[in-house]
Structure formats: structure tokens, C-alpha cells
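# Architecture and fold: a report
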Amino acid sequence: MTAVADLYKNYINGAWVEGGAGTIAVDNPNNGEALSQQAAADATDVDRAVQAAQVVHDTGALSDLRPVERARMIQKMSAYISANKDRVAPLLTLESGKPLWEAEIEIDSAARFLEFYGNQAESLEGRSIPLGASYFDFTTFEPYGVSGQIIPWNFPLEVTARGIGPALATGNAVVVKTPEIDPLSHFIFGEAAEAAGFPAGAINILCGDGAEAGAALTAHPGVSQIVFTGSVATGTAVAVAAARRVVPCVLELGGKSAGIVYPDADPQQVLDSIRWGVYFNAGQVCSAFSRMVLHESIHDEMVERVADMAKGLSVGPGLERPTFGANMGAMVSEGQRDRAEAICQRAEAEGARAVTGGRKLNQPGYFLEPTVFDGVTETMNIAQEEVFGPVLSVMKFSSDEEALRIANGTEYGLVAGVFTRDLDRATAAAQKLRAGQIYVNEWFAGGVETPFGGFGKSGYGREKGREALYNYVQTKNIGIALG
Ligand code: NAD
């Protein structure tokens, strides 16, 4: 049995505290039953966290350190999280619905982000700009101060590590607002911060209602940089709050990403990519392979193979799915599952054909069948609206121009894929696809090292890789007139 506490507290200024807004009930999407309670921060709690982070910044407790000292603390956080994987993964499964092996991957990935950004802490260097014999001019990078970060529920630990890693590496203090639906396993960041020796107030982790604690964080005058991952609607509100105070923000929003499958594609590469791209995390992935733009000459055969693969996934409670294989877990909440099912019903009403799936499972918990829709056309709602569930839309094409038009035909632009053995064709398509990251012959090709972020309504700014470091620093130019 996994040990689940009755109450999970917030971590503010180095102390575990209850919240001014009472508690949030967290349920278990694997069976629909109550799981635990999370302390809910109110605006006063947010204010205390930001003030504590400001003190850390103003006293130089992080920013005055030699970068290697920050690097070592971030690496220690990483090691602590890895060492506690067996304790955290079951809790993450219970609160999010993901299979245990997926929860373990997420924890590995959170640790990896911290390892990577620990490594980068020493790498940010300014430059000297020649102005002739009378001047010495150079640039430095300075942290903004307090980074306020708003986290979504689909990869809660991974997204937090992705944001706090580069923030801390560059010398910022952080205040993290965790997602209401699955905040519990975030306790590990507070423990890891203590184990790594971060000063109190450098890392604050709190949960609360988005409209109250989230809005209070993004509007707080002490927050000097904002990182938001979530929906377009909330991201827009966050961008407005940031603009009002003229602070920069990074927005990682949704997607409706397409993979173009040409006639010479390797079918196994396509199948593997669909398996990971649509059914990993029950499709609750912003960069999901949600539209397969498929050449007419291989259409029938590929649709059959993909549908067989989807039908072969065993769907059920995450703790009963401890190892990688043909399985899938619950969606995170009843609301998300019902929303996805309603999008499927609308697709059928508009003329798409459910080759398999499209319905919720008749059992406790928030399960949706792995789904494949064929005959999806560009004007259907399901070709445009992000499902955020285990649902693939197949769209047929006959010419390369048509494939690119379909792939680029949404307001989003997070990622895109190309499947072909022809390097010229892949390169030409990669250049024309309107997305922040292009995968050739493998969905999710890349890693923590590669920049990630969207074109269009998928947001702006880049997370991951060295690119992300520049979100967290401002350039200062120093010009010295020589006597
Ligand atoms: P959401 O926008 O409803 O919530 C995200 C976070 O914002 C939560 O922590 C929430 O409490 C907070 N929030 C809500 N209202 C707020 C406000 N007024 N001010 C500040 N914070 C507020 O999104 P969600 O439903 O939790 O997540 C699903 C969406 O997120 C999908 O559209 C998905 O594509 C997107 N997403 C994107 C990425 C990415 O990296 N691009 C990753 C995960 C999820």
C-alpha cells in the first residue's frame, strides 16, 4: 500500500504551512474516490512567499554565489528526487491517473531537468564589445529576481523542474503555484530544497485556486518574471497581468500538432510514434501527435494498423500497470474526461468515423477509450480544438502542398512531424511547417537539451535547452571610458 498523508502542506520561506484558503480535496482518478487534502494558499500566503523570495534576492543569497555553488545545490536536488522515486511515483499515479511506469519516467525527467540546468549554471557568459582604444565595454547577465511559475496538472513535477532549474541556475528565487488537481507529490521539491541546502525563501512551493493564488502571484509587484504553462485562455489572462506590470512572461500553451505520413514512411516508426504521441499520459500532452496527415495511397492499411494498436492497449488503474507495455491509465479528472468525450461525440455528429473508441469506460475512475477518428476534414471541430485526451484524428492527403496546408491549418504551432525516408522531402517539409519543434521519423525526438515552445497560439518564449536560460536573465551593458 502506498502511504498517503491526510494533508499535504505548502512550503513557504523554508517552513511547511497550512493555507489561508483552507484545503483543496484531491481525488483519485483511478477509482473516483477521495485521496487526500492539499493546503490552499490565499493571496496573503502568496504575498509571504514572494516577500521571502525577494529577501533572498535582495541579500544576494543566491545571485552573489559563484555559479558552481548554485550548480551543486541544483544537482543535489536532482539526486534527492531520484533517490525518492519509489516514494513519490505511486503518489503521482494515485493523484494523476498515469500508470506507475509513466510516473517513474516523469520523476526521472524532473531529476534530469535539474541535472541539466545544474550543469548549465556555470556556462552563461557575457561578451566584450570593441569600442576603440578609449573604452572598455562588456555585458553581464543578471537574474530578474523572483520568478513566479504557474504549473499545469498533466506533467506537474516535470514542468516544475523545467522551470525552477534554469531560474535557480541563473540566480533567481522562485515561487511555484502548483495545479489544484494533482499537487500532492510536489512536496518532494520542498524536501529536496532543504536537503540541497538552499536558503529559506529561495524555493517556495504552494498550491491554491488559480483564480485566487495564481492570479495573486502573477499580479504581485514583487514578481519580476513569470512562467506559465497551461491553456490559451488562462495564458492570455497571465500575459495581461504581466503586461500591466511590464514584466516578461513565458507562455507554454496548447497545441493541435500534426504529423505528415508520406507513402515511403516506415510503418513501424509511425506506429511507435502514435503509441507515444497520442496514448502516453492518456493523450494529455500539449505536444501530442493529435492529427495524422496520411497519404491516400497507404491510408487504409495504416488506419487499420493504428486502430489495432489502440485496441490492444489495456486501460485501467495506474498502480496495476507498473511496467512499460501496451497499457494506458486514467485521465486526470472527470471534467477533463467528459470534455474529451463530448469532443468525440461532436466529431461523430460532424461526420468523422470512430474506427475505435470515442466513449468513456463503464467502470469507476476517469477512463476514456483509446480512440482513432478517420475521415476528419479541416473544417470539423476536432481538426481545430485541442482534445487533450487519447484521441487521434486521421486526415487524408494526396499532394505535398495539401499535406502542408492541412498540417499548418490551425491557430496553434507547438510541434509537427514528418515521416519519410526521403531526406530532401523531410527537410523541405520541416522548413515549411509552422511549429517550434519538428520531429523527423520519431515523435518527441529531442530531450531536455532541445528548445521547446510554440508558434502562434501555442505561446512564446522557449523552455528546455540552453535557450531557456535567457528567459531568466536581463542583459546589462557596462561601458567604461578610459582616462
Ligand atoms: P489551466 O490554464 O486551466 O491551468 C493551468 C494553471 O493555471 C493551473 O495551475 C491553474 O490553477 C492556473 N490558473 C488558473 N487561472 C489562473 C489565473 N487567472 N491566473 C493565474 N493562474 C491561473 O490549464 P489546465 O487545464 O490545468 O491544463 C491544460 C491546458 O494546458 C491544455 O490546454 C494544454 O495544452 C496546456 N498545457 C501546455 C503545456 C506546454 O508545455 N505547452 C504543458 C501542459 C499543459
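What you are looking at is a predicted structure, and each value in this text was computed from that prediction instead of being measured. (Residues numbered from 1 in each chain as written. Predicted model: local features only at pLDDT ≥ 70, side-chain atom pairs only at ≥ 80, totals over all residues. Heavy atoms only, no water.)

### Some points on the packing of aromatic side chains
For any pair of aromatic rings, the description rests on two quantities: the centre-to-centre distance and the angle between the ring planes. To keep it simple, the criterion reads: Only Phe, Tyr and Trp rings are paired, with Trp represented by its six-membered ring, and only when their centres lie within 6.5 Å; those with planes under 30 degrees apart are stacked, over 60 edge-to-face, the remainder tilted. Where helices and strands are cited, they refer to DSSP runs of H or I of at least four residues and of E of at least two residues respectively, numbered from the N terminus. Relative accessibility thresholds used throughout: buried, under 20% of the residue-type maximum; exposed, over 50%; partly exposed, between the two (1.4 Å probe, protein chains only).
Taken as a whole, this structure holds 17 aromatic pairs when the rule is applied. With a centroid separation of 6.1 Å and 40° between ring planes, the pair formed by tyrosine 8 and phenylalanine 187 is classed as tilted. One end of the pair, tyrosine 8, is in strand 1 (residues 7–8); the other, phenylalanine 187, is in helix 6 (residues 187–196), and 179 residues separate them in sequence. Judged by relative accessible area, which is 10%, tyrosine 8 ranks as buried. Note on phenylalanine 187: relative accessible area 13%, which makes it buried. Ring geometry for tryptophan 101 against tryptophan 276: centres 5.8 Å apart, planes inclined by 90°, an arrangement best described as edge-to-face.

### A short note on the side chain of threonine 410
Under the convention used in this document: Definition of a polar contact: a pair of N or O atoms within 3.5 Å, with one able to donate and the other able to accept a hydrogen when the atoms are protein atoms, and with sequence-neighbouring residues admitted only if both atoms are side-chain atoms. Every residue pair with non-hydrogen atoms within 4.5 Å of one another is taken to be in contact.
Along the chain, threonine 410 turns up in the loop between helix 12 (400–407) and strand 19 (415–419). For threonine 410, a relative accessible area of 8% gives the class buried. A polar side-chain atom of threonine 410 sits 3.1 Å from the main-chain amide nitrogen of tyrosine 412. Those residues in contact with threonine 410 that lie beyond four places of it in its chain are Lys256, Arg291, Ala383, Gln384 and Arg434.

### Quick notes on helix 5 (residues 156–169)
Test applied: Take the number of residues in a helix, subtract one, and multiply by 1.5 Å to get its expected span.
With 14 residues, helix 5 extends 20 Å between its outermost C-alpha atoms, agreeing within 8% with the 20 Å of an ideal straight helix rising 1.5 Å per residue. With 13 of its 14 residues buried, helix 5 lies for the most part within the structure. Of the residues flanking the end of helix 5, it is glycine 171, one or two places downstream, whose phi is positive at about 95°.

### Digging into unusual backbone geometry
Most peptide bonds take the trans form, and the phi angle of most residues other than glycine is negative. Even without being glycine, asparagine 13 reaches a positive phi, approximately 55°. Within the secondary structure, asparagine 13 sits in the loop between strand 2 (10–12) and strand 3 (15–17). Asparagine 13 sits in the partly exposed class, given a relative accessible area of 42%.

### What to know about the packing of helix 3 (residues 85–96) against helix 4 (residues 100–120)
When two helices pack together, their arrangement is given by the angle between their axes and by how far apart the axes lie. Stated precisely, the cut-off is as follows: Only C-alpha atoms enter the line fits that serve as axes; for helices the fit covers just the stretch in contact. Angles between N-to-C directions range over 0 to 180 degrees. Note on terminology: angles under 35 degrees are roughly parallel, angles over 145 are roughly antiparallel, angles of 65 to 115 are roughly perpendicular, and the others are oblique. For a crossing to be left-handed, the near helix must be turned anticlockwise from the far one by less than a right angle; the clockwise case is right-handed. Residue type decides the class: Asp, Glu, Lys and Arg count as charged, Ala, Val, Leu, Ile, Met, Phe, Trp, Tyr, Cys and Pro as nonpolar, and the leftover types, Gly among them, as polar.
Remark: helix 3 packs on helix 4, axes separated minimally by 8 Å, with the N-to-C direction vectors making an angle of 125°. Classified by the angle their axes make, helix 3 and helix 4 are oblique. For the pair helix 3 and helix 4, the crossing hand works out as right-handed. Side by side, helix 3 and helix 4 meet where Lys85, Val88, Ala89, Pro90, Leu92 and Thr93 of the first sit next to Leu100, Ala103, Glu104, Glu106, Ile107 and Asp108 of the second. Classifying every residue of the contact of helix 3 with helix 4 by side-chain character gives seven nonpolar, one polar and four charged.

### Examining the pairing of strand 5 (residues 33–39)
Heads up, the rule is: Any two strands are treated as partners once DSSP identifies two or more bridges connecting them.
Note: strand 1 against strand 5, two bridges, orientation parallel. Bridging across to strand 5, tyrosine 8 finds its partner in glutamine 38. Both strand 4 (residues 23–28) and strand 5 contribute to a ladder of six bridges, which runs antiparallel. The residue of strand 5 that forms the bridge with aspartate 27 is alanine 34. Hairpin connection of strand 4 to strand 5: four residues between the antiparallel strands, including glycine 32 at a positive phi of 80°.

### What about the packing of helix 2 (residues 67–83) against helix 5?
Orientation of helix 2 relative to helix 5, taken along the N-to-C sense of each, is 160°, at an axis distance of 9 Å. Considered as vectors, helix 2 and helix 5 are oriented roughly antiparallel to each other. Note that helix 2 runs across helix 5; the crossing there is right-handed. Side by side, helix 2 and helix 5 meet where Arg70, Ile74 and Met77 of the first sit next to Ile164, Gly165, Leu168 and Ala169 of the second. The residue makeup of the contact of helix 2 with helix 5, split by class, is five nonpolar, one polar and one charged.

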